[in-house]
Amino acid sequence: MLNDKTIAEFKEYLTSGRWEEDFCYRTPDGQAEMLDFIEAIFDLCETADKVISKRLYRQMGEAFHT
């Protein structure tokens, strides 16, 4: 399971410029791996959005029916 510390560290890695620097020094295969990882994070965010939205809509529906 992800935790706040891991997410904060990765965010710092991205915003500090270290990700871009690492990307430049990687081979094309390494760059593709880094981009695949970012794409996996986007997919994760989309899945989380769907799950959370479904739960919130259900919760809102229950509130209106009580």
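That block above? That's the structure.
Small disclaimer: the values here were computed from a predicted structure and weren't measured.

Chemist: Before we move on, can you summarise the overall build of the chain with the specific residues and values?
Modeler: Counting its secondary structure elements, the chain contains three helices and zero strands. For the chain, the succession of helices and strands along the chain, N to C, is α-α-α. In terms of overall dimensions, the chain is more spread out than a globule: its C-alpha atoms have a radius of gyration of 18 Å, far above the 11 Å expected for 66 residues. For the chain, the spread of C-alpha atoms along the three principal axes comes to 60 × 25 × 20 Å.

Chemist: Account for a negative patch on the surface, naming residues and giving values.
Modeler: Residues D29, E33, D36, E39, D43, E46 and D49 make up a contiguous surface patch of negative charge. Here D43 is to be found in helix α3 (residues 28–64).

Chemist: So what about a nonpolar patch on the surface? Which residues, and what values?
Modeler: Together, L2, I7 and L44 line one region of the surface with nonpolar side chains, adding up to about 290 Å² of accessible area. Relative to the assigned elements, I7 resides in helix α1 (residues 4–15). Among the residues examined, I7 registers a relative accessible area of 47% and is labelled partly exposed.

Chemist: Give a description of the packing of α1 against helix α2 (residues 18–25) that names residues and reports values.
Modeler: Two numbers describe a pair of packed helices, the interaxial angle and the distance between the axes. Across the interface, α1 lies against α2 with an axial gap of 4 Å and an inter-helix angle of 65 degrees. One finds that α1 runs roughly perpendicular with respect to α2. Contacts between α1 and α2 involve E12, Y13 and L14 from the former and R18, W19 and D22 from the latter. Among the residues making up the contact of α1 with α2, the classes are represented as three nonpolar, no polar and three charged.

Chemist: Lay out the packing of aromatic side chains in plain terms, naming residues and giving numbers.
Modeler: Within this structure, the stated rule accounts for three aromatic pairs. With 6.0 Å between their ring centres and 40 degrees between their planes, F10 and Y13 make a pair best called tilted. A residue pair is termed a helical-turn pair when its members lie 3 or 4 positions apart in one helix, as F10 and Y13 do in helix α1 at three residues. Considering the side-chain rings of F10 and F37, the 5.5 Å spacing of their centres and the 80 degrees angle between planes classify their relative orientation as edge-to-face.

Chemist: Requested: an account of α1, with residues and values cited.
Modeler: Its 12 residues give α1 an end-to-end C-alpha distance of 16 Å, which sits within 8% of 16 Å, the value for a rise of 1.5 Å per residue. Capping the start of α1, N3 holds a side-chain oxygen 3.1 Å from the backbone nitrogen of K5, two or three residues further along.

Chemist: Break down the environment of D4 for me, citing the residues and quoting the values.
Modeler: Summarising the element assignment, D4 is placed in helix α1. D4 gets classed as exposed once you look at its relative accessible area, which sits at 69%. Each C-alpha atom of the pair D4 and G61 lies 30 Å from the other, and the pair is 57 residues apart in sequence.

Conventions used here
- Residues numbered from 1 in each chain as written.
- Predicted model: local features only at pLDDT ≥ 70, side-chain atom pairs only at ≥ 80, totals over all residues.
- Heavy atoms only, no water.
- Helix = DSSP H or I, 4+ residues; strand = E, 2+ residues; numbered from the N terminus.
- Rg over C-alpha atoms; globule rule 2.2 N^0.38 Å.
- Patch = residues over 30% accessible without salt bridge, like charges linked within 9 Å, V, L, I, M, F, W, Y side chains within 5 Å.
- Areas by Shrake-Rupley, 256 points an atom, 1.4 Å probe, with all protein chains shown as cover.
- Salt bridge = Lys/Arg side-chain N within 4 Å of Asp/Glu carboxyl O.
- Lys, Arg positive; Asp, Glu negative; His and termini not counted.
- Charge placed at Lys NZ, Arg CZ, Asp CG, Glu CD.
- Buried < 20%, exposed > 50% of the residue type's maximum accessible area, 1.4 Å probe, protein only.
- Axes fitted to C-alpha atoms, helices over the stretch in contact; angles between N-to-C directions.
- Parallel < 35°, antiparallel > 145°, perpendicular 65-115°, else oblique.
- Contact = heavy atoms within 4.5 Å.
- Nonpolar A, V, L, I, M, F, W, Y, C, P; charged D, E, K, R; others polar.
- Phe/Tyr/Trp six-rings, centres within 6.5 Å; stacked < 30°, edge-to-face > 60°.
- Expected span 1.5 Å × (residues − 1).
- Polar contact = N/O pair within 3.5 Å; in protein donor to acceptor, adjacent residues only side chain to side chain.

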